[in-house]
Amino acid sequence: MGAFLDRWLRHNLPGHVADSTLDDYADMVRLHLAPALGRKVLSKLTVADVDALWAAKREQGYSPNSIRIMRAVLRKALGQAEREGLVSRNVAALSTPPRIGQPEGRALTREQAQRLLAELRGHDFDALVTLMLAFGLRRGEALGLHWSALDWEAGTLGVTHAVKRVKVRDGRSGRRTRLVVSELKTRRSRRTLYLTPELVEILREHRARQAERRMALGAAWQDHGLIFPSRVGTPMDPDNFSHTFSRLCRRAGLGHWHPHELRHSGASLMLAQGTPLHVVSEVLGHSSIAITKDVYGHLVEGEKRAAARSMTEALLGP
């Protein structure tokens, strides 16, 4: 099994997936799949073996979403083995996927979100954090937004790329990681944001500040067409953004927060404003509404009760 996983990574993935995705697959195989399944005979691998692996990962404290990713990688690898006739069935596809429960992160209240945005007014991160909150953007997606994907007249902004730090595999540069701006992999993750006039104005102000910095730096500015680059125009390091964001939250009197919690906060606030669950799912870029329901379904309890009241009145009278 271990030899097959190694061959699958080396010969089947390059050229078919982005470098960042290949790094993710390699990490999943090296850290999780190979240590647990590598000594097993490929043709004798069973559904019970795979289910036992997922159960062990749950006991070790891995989140359901992490285990889902492990399962997806193993399913893809065994799909190749099935096409080659090495196995008669894909036992990973037959294994039981873990259910994603309630969100692990916290969510800002409406008052906390307003306090944070007031603290950031005029700061370089003003527009960035506003968009992340308004649309529940992932950190990498927000940093990968391009000016070319913004239609000022229509008030739309395409989410098409993400910034990510990946491992360097060639060993020649002397660096162990590098930043990449890669296209989003799935149709649901590539989506359009519909901007209000207020959000368009915030972006106009942000563009004006960026233009001033670009002129001041002159030849030192390295343009990548990003809406939220570093101070010299290059892709912003997601970790640097996280550290600065946490400091700004403490300065606003909110304590320590991570940018990923802006995604939870945006989704929670959208639902609190009465946005339908399927719309929230599309805005967040979830692969299916089932994931949104698993993570945020508990937040629509009030709407379910209201629906029950409406049906009761319709059937039994007020």
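Residues numbered from 1 in each chain as written. Predicted model: local features only at pLDDT ≥ 70, side-chain atom pairs only at ≥ 80, totals over all residues. Heavy atoms only, no water.

1. Points about the environment of Tyr-62
Mapped onto the elements, Tyr-62 comes out in the loop between helix 3 (47-59) and helix 4 (64-83). Every residue in contact with Tyr-62, bar those within four places of it in the chain, is listed here: His-32, Lys-57, Ile-67 and Met-70. (Helix = DSSP H or I, 4+ residues; strand = E, 2+ residues; numbered from the N terminus. Contact = heavy atoms within 4.5 Å.)

2. A closer look at the pattern of salt bridges
With the rule as written, the count across this model stands at 13 salt bridges. The salt bridge involving Glu-84 is made with Arg-7; its shortest N-O contact spans 2.9 Å. On the criterion of sequence distance, the pair formed by Glu-84 in the loop between helix 4 and helix 5 (91-94) and Arg-7 in helix 1 (residues 2-11) is long-range, its members being 77 residues apart. Overall, Glu-84 belongs to the partly exposed group, its relative accessible area being 34%. The exposure class assigned to Arg-7 is partly exposed, which follows from its relative accessible area of 28%. For Asp-126, the salt bridge goes to Arg-121, with nearest N and O atoms at 2.8 Å. (Salt bridge = Lys/Arg side-chain N within 4 Å of Asp/Glu carboxyl O. Buried < 20%, exposed > 50% of the residue type's maximum accessible area, 1.4 Å probe, protein only.)

3. Description of the side chain of Thr-234
Position of Thr-234 relative to the elements: it lies in the loop between helix 9 (197-217) and helix 10 (238-251). Assessed through its relative accessible area of 19%, Thr-234 is described here as buried. A distance of 2.6 Å separates a polar atom in the side chain of Thr-234 from a polar atom in the side chain of Ser-230. Excluding anything up to four places from it in sequence, Thr-234 contacts Gln-222, His-224, Leu-226 and Pro-229. (Polar contact = N/O pair within 3.5 Å; in protein donor to acceptor, adjacent residues only side chain to side chain.)

4. Regarding the pairing of strand 2 (residues 156-159)
In the case of a regular strand, side chains alternate between the two sheet surfaces. Of the two faces of strand 2, the one holding Thr-156 and Gly-158 and the one holding Leu-157 and Val-159 are both buried throughout. Two elements, strand 1 (residues 150-151) and strand 2, share two bridges in a ladder whose sense is antiparallel. Considered in strand 2, the bridge of Asp-151 is made with Thr-156. Hairpin connection between strand 1 and strand 2: a loop of four residues separates the two successive antiparallel strands, and Gly-155 in this loop has a positive phi of roughly 70 degrees. (Pairing = 2+ DSSP bridges.)

5. Topic: a nonpolar patch on the surface
A surface patch of nonpolar side chains, amounting to about 390 Å² of accessible area, comprises Met-311, Leu-315 and Leu-316. With respect to the secondary-structure elements, Leu-315 resides in helix 14 (residues 301-316). (Patch = residues over 30% accessible without salt bridge, like charges linked within 9 Å, V, L, I, M, F, W, Y side chains within 5 Å. Areas by Shrake-Rupley, 256 points an atom, 1.4 Å probe, with all protein chains shown as cover.)

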